Amino acid sequence: MKIHLPSTVIRRFAVVIAGSLLLGAALAGCSSGSAPGSAGTDVDAALKAGGTITYWSWTPQAKAQVAAFEKKYPKVTVKLVNAGTGNDEYTKLQNAVKAGSGGPDVAQVEYFAIPQFALAKSLLDLKPYGFDSLESDFTASTWSHVAMDGAIYGLPQDSGPMALFYNKKVFDQYGLDVPATWDAYIADAKKLHAADPTKYIAADTGDAGFTTSMIWQAGGTPFTTTGSKVSVNLQDAGSKKWADTWSQLVENKLLSTTPGWSDEWYKGLGNGSIATLITGAWMPGVLESSVKDASGDWRVAPMPTYDGTAATAENGGGGQVVLKQSKNPALAAGFLRWLNADKDSVKLFLASGGFPSTTADIDSDAFKAQTPAYFGGQKINEVLSAAAGDVVKGWTYLPYQVYGNSIYGDTVGQSYSSSSDLNPGLRSWQKQLVSYGNDQGFSVSG
Amino acid sequence: MSAISSRSDGLRATRSPRNPRKSLALTLFMVIFLIYSLVPLFWLVVNATKSQRSLFTSFGLWFGSDFSLFSNIHDTLTYDNGIFLRWFANTLLYVVVGAGGATLLATLAGYGLAKFRFRGRGAVFAVVLGAIAVPGTALAVPTFLMFSQLGLTNTPLAIIIPSLASPFGLYLIWAYAEDAVPGELLEAARMDGAGELRTFFTISIRLLAPGIVTVALFTVVATWNNYFLPLIMLSDPSLYPLTVGLNQWNAQATGVSAQPIYNLVITGSLLTIIPIVVGFLILQRYWQSGLSAGSVKQ
């Protein structure tokens with residue numbers, strides 16, 4: 001009979017494969033992908049000439065965007081494929097890179113995964129296609145995710161400057177103050193859970209994306225890469241600062257153990273048993289469409305900080321890239337430019353609840369003046385736009401972050417499940433990241 | 001394999017006519033096992049009747065305030081232009097061609113090895129036994145790299161060809177044919193002038209029927225549930241089988257542009273298991289007689 005592995009195991013296994021394929025591609029100095037040069041770099045001419053390209057994306061907006069694009073450029077056909085969400089797609093992308101064919105021309109990749117593909121030389125540098133002129137259209141923090149080592153590997157689509165989402169009904173009922181600092185946040189957590197043991201300040205069972213964002217906000221830079229030299233230090237000042245703070249919640253069992261994004265989790269957001277969310281600015285769309293029962297209950301506040309001065313980080317969000325193996329790179333670049341830098345396209349994207357990465361939209365008065373009824377008429381975009389400007393600078397992800405996140409559960413996750421100090425978990429994560437990186441041909445210190 | 005032997009042991013122990021004594025401990029164990037097996041199924045049926053809203057607000061192990069089973073089925077079948085039906089058809093294709101082909105090949109090879117003497121038979125025996133010990137998951141990656149060089153990834157053949165090999169089925173038919181097809185019978189057929197093929201199709205295949213059904217059942221279940229291989233081989237959702245497709249729906253609930261459709265994932269899972277449950281119930285009597293083959297000396 002078939003052995004039923006838990007899906008996390010399977011996913012991890014898939015990521016391991018992707019990782020081992022990555023190694024081949026990285027070390028072989030890329031035998032796959034063809035050089036763009038000869039095909040020409042005139043994006044406008046390519047759009048006029050037309051052709052067919054494939055676009056991998058799991059964003060719900062993609063369908064409407066592709067339809068609008070094809071209407072504007074009738075000679076171009078875009079084949080839209082949903083090749084999976086997140087890691088499922090990256091595994092397939094990595095497989096296609098390794099195989100040298102079978103990949104899309106344009107693909108959606110989250111920010112944390114872009115370095116992995118960029119450093120393996122599987123992405124097209126868009127600088128020769130005139131993309132450097134687009135830099136001023138995007139926020140500094142999202143641009144830094146697509147531009148590295150003097151090349152431009154994609155365009156940002158959305159962003160996730162973090163904020164505190166809180167259930168005002170619960171806060172009012174238990175007399176909690178909206179916390180401005182993490183100390184106040186922990187005090188609220190204690191007060192709430194003591195008053196009603198079924199209620200928790202937040203749900204967190206250990207999530208690599210959340211942890212890295214929190215370290216980012218605390219000013220940590222645990223991952224730095226120069227060429228093939230990587231340094232991992234998950235005990236730097238910022239990492240320790242976050243771990244020492246967050247451990248207080250973990251050790252005192254003040255966090256709900258409901259796994260994020262499960263049906264139980266959505267339930268908790270609706271009935272008040274999960275009172276806050278510390279997450280990216282894209283969350284309002286998810287709340288509005290999938291937690292309808294709590295309409296009017298939620299509000300948005302700036303992310304709590306350590307010392308009261310505004311500081312935040314990015315959580316989630318991503319952009320689109322062009323693969324080197326694209327047979328029509330100029331056309332693919334043309335589609336990408338329209339997709340993320342054209343006003344009509346961005347408008348379609350924002351209509352379904354994404355949070356922009358384009359400065360024109362983030363700073364627009366009309367955007368800031370919106371008063372969604374779901375949030376009791378609060379001008380939430382004022383808070384979120386301000387957060388976009390407060391993102392701490394200097395953060396970078398590992399060139400094998402996808403794999404790194406997949407082993408998070410075995411390391412830091414263990415500290416969560418035993419309700420103990422997070423620092424030993426971070427140290428063991430670091431140890432495994434270092435040895436994996438060295439196996440992959442990077443020279444990793446840590 | 002371990003599942004087989006333990007189950008056949010279980011059957012023998014509980015069905016033995018010489019030992020009708022009732023054991024409280026065993027009965028209790030069986031009741032617990034029954035509950036353990038049925039509760040997830042019960043959960044699935046109950047929750048397939050809920051809308052997403054009531055799924056998030058009602059107690060998991062009992063019905064909610066609404067009864068949305070039929071609207072859920074309707075939505076499952078029509079979501080994203082009816083992609084679920086496409087996945088269903090794909091699964092059927094992979095099962096009919098893959099599991100059917102695997103059964104045919106296993107039958108031919110197992111019968112041949114059992115009833116003909118030729119050089120290298122011992123070597124084949126060793127290779128087949130060795131192949132049984134290698135889990136399919138471990139072979140998925142080498143298979144992927146091989147297929148990508150052949151340009152077969154992201155095609156139905158990438159799923160069908162690996163499913164065609166069933167070393168376990170071959171071994172089962174071999175062991176079954178040793179006992180079920182008497183050599184004397186084949187001798188008699190040869191004396192009467194029947195060719196080997198004719199003997200096989202008119203005589204042997206009938207004697208082998210329970211064994212063939214058993215192998216078919218195993219390969220059908222394995223192909224129906226196949227997840228990892230299609231996950232890495234296919235990138236086009238229109239080629240997905242149900243397993244990978246449902247996982248894609250499930251993953252939709254995560255992240256930046258989350259669109260949870262848990263009610264459709266649950267209803268889709270219920271629809272997915274119905275054919276396999278029906279198939280199992282219809283074929284199980286063959287399966288039982290197949291398992292007990294060789295347990296009594298004739």
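Residues numbered from 1 in each chain as written. Chains lettered and ligands numbered in written order. Predicted model: local features only at pLDDT ≥ 70, side-chain atom pairs only at ≥ 80, totals over all residues.

Overview of the overall build of chain B
Alright, step 1. Within chain B one finds 14 helices and 0 strands.
Alright, step 2. Each helix and strand of chain B, placed in order from N terminus to C terminus, yields the pattern α-α-α-α-α-α-α-α-α-α-α-α-α-α.
Alright, step 3. Scored against the burial criterion, the 298 residues of chain B give a buried share of 34%.
Alright, step 4. Considering only intrachain contacts with a sequence separation of at least 6, the fraction spanning at least 24 residues in chain B is 73%. (Helix = DSSP H or I, 4+ residues; strand = E, 2+ residues; numbered from the N terminus. Buried ≥ 20, exposed ≤ 12 C-beta atoms within 10 Å, placed from the backbone. Contact = placed C-beta atoms within 7 Å.)

A word on helix 19 (residues 408-417) of chain A
All names here are of chain A.
Alright, step 1. For helix 19, the full list of buried residues reads Tyr-408, Thr-411, Val-412, Ser-415 and Tyr-416. Looking straight down helix 19, one finds its buried side chains confined to an arc of 130°; they lie on one side.
Alright, step 2. Turning to helix 19, the residues buried within the fold contact helix 9 (208-217), helix 10 (237-251), helix 18 (401-406) and helix 20 (422-439). (Arc of directions from axis to C-beta.)

A closer look at the interface of chain A and chain B
Alright, step 1. With 36 residues of chain A at the interface, the matching set in chain B holds 33 residues.
Alright, step 2. Mapped by element, the contributors of at least two residues to the side of chain A that touches chain B are helix 1 (7-27), helix 4 (87-99), helix 11 (263-271) and helix 12 (283-290) of chain A.
Alright, step 3. At 5 residues, the largest contribution of residues to the side of chain A that touches chain B is made by helix 4 of chain A.
Alright, step 4. Looking at the side of chain A that touches chain B residue by residue, the classes come out as 13 nonpolar, 15 polar and 8 charged. (Nonpolar A, V, L, I, M, F, W, Y, C, P; charged D, E, K, R; others polar.)

Details of the sheet that holds strand 3 (residues 106-110) of chain A
All names here are of chain A.
Alright, step 1. Spatially, the 5 strands line up as an open sheet ordered 2-1-3-14-6, and their pairing is mixed. The open sheet has two free edges, formed respectively by strand 2 (76-81) and strand 6 (155-156), since each of these has just one partner strand.
Alright, step 2. Bridge count for strand 3 against strand 14 (residues 318-322) is 5 bridges, and the pairing is antiparallel. Bridge pairing links Glu-110 to Gly-318 in strand 14.
Alright, step 3. Its contacts with the sheet place helix 13 (residues 329-341) against strand 1 (51-56), strand 2, strand 3, strand 6 and strand 14, and it is angled at close to 165° to strand 14. (Pairing = 2+ DSSP bridges. Axes fitted to C-alpha atoms, helices over the stretch in contact; angles between N-to-C directions.)

Points about the confidence of the model for chain A
Residues and elements named next belong to chain A.
Alright, step 1. On average, residues of chain A score 90 in pLDDT, and 91% of them reach the 70 mark or higher.
Alright, step 2. Throughout residues 1-11 the model reports pLDDT below 50, and contacts reaching past four residues in sequence, or to other chains, amount to 10 contacts.
Alright, step 3. Every residue in residues 16-38 scores below 50 in pLDDT, and together they form 43 contacts with partners more than four places removed in sequence or on other chains. (pLDDT = per-residue confidence, 0-100.)

Here we look at helix 9 of chain A
Residues and elements named next belong to chain A.
Alright, step 1. Most of helix 9 sits inside the fold, with 10 of its 10 residues counted as buried.
Alright, step 2. Packing partners of the buried residues in helix 9 comprise strand 7 (162-167), helix 10, helix 18 and helix 19.
Alright, step 3. Looking at the residues trailing helix 9, positive phi occurs at Gly-219, about 90°.

Side note on the domain arrangement of chain A
Alright, step 1. Its domain assignment divides chain A into domain 1 (7-159 + 318-362) and domain 2 (162-313 + 393-445).
Alright, step 2. The distance between the C-alpha centroids of domain 1 of chain A and domain 2 of chain A comes to 28 Å. (Domains from an automatic or database assignment.)

With respect to the environment of A:Leu269
Alright, step 1. Within the secondary structure layout, A:Leu269 lies in helix 11.
Alright, step 2. In contact with A:Leu269, other than residues within four places in its own chain, are A:Ile274, A:Val291 and A:Ala294.

Observations regarding the sheet that holds strand 12 (residues 276-280) of chain A
All names here are of chain A.
Alright, step 1. Strand order in the open sheet made by the 3 strands is 12-7-13, with antiparallel pairing throughout. Of all strands in the sheet, those bounded by a partner on one side alone are strand 12 and strand 13 (298-302). Between one strand axis and the next, the sheet turns by 30° as a mean value, whatever way the strands run.
Alright, step 2. One ladder, built from 5 bridges, connects strand 7 with strand 12; its direction is antiparallel. Note on strand 12: the bridge partner recorded for Tyr-166 is Thr-276.
Alright, step 3. The sheet strands contacting helix 17 (residues 380-389) are strand 7 and strand 13, and the helix crosses strand 13 at an angle near 30°.

A word on the nonpolar core
In summary, soluble globular proteins display a tendency toward joint burial of nonpolar side chains.
Alright, step 1. One finds A:Ala163, A:Val322, A:Phe335 and B:Ile173 to be the most contacted residues of the largest nonpolar core, which totals 181 residues.
Alright, step 2. Setting aside chain neighbours within four positions, we find A:Val322 in contact with A:Asp105, A:Val106, A:Leu123, A:Leu124, A:Leu126, A:Pro329, A:Ala332, A:Ala333 and A:Leu336. (Core = buried A, V, L, I, M, F, W, Y, C linked by C-beta atoms within 7 Å.)

Overview of unusual backbone geometry
Alright, step 1. Despite not being glycine, A:Ser419 shows a phi value in the positive range, around 50°.
Alright, step 2. Mapped onto the elements of the fold, A:Ser419 is located in the loop between helix 19 and helix 20.
Alright, step 3. Its identity is not glycine, yet B:Asn154 carries a phi of approximately 60°, on the positive side.

Points about the environment of A:Gly268
Residue and element names in this part refer to chain A.
Alright, step 1. For Gly-268, the position within the fold is in helix 11.
Alright, step 2. Residue Gly-268 is classed as buried on the basis of its 23 C-beta neighbours within 10 Å.
Alright, step 3. With 65 residues separating them along the chain, Gly-268 and Ala-203 place their C-alpha atoms 8.9 Å apart.
Alright, step 4. If we skip the residues at most four places from it in the chain, Gly-268 touches Ala-203, Ser-256, Thr-258, Ser-273 and Ile-274.

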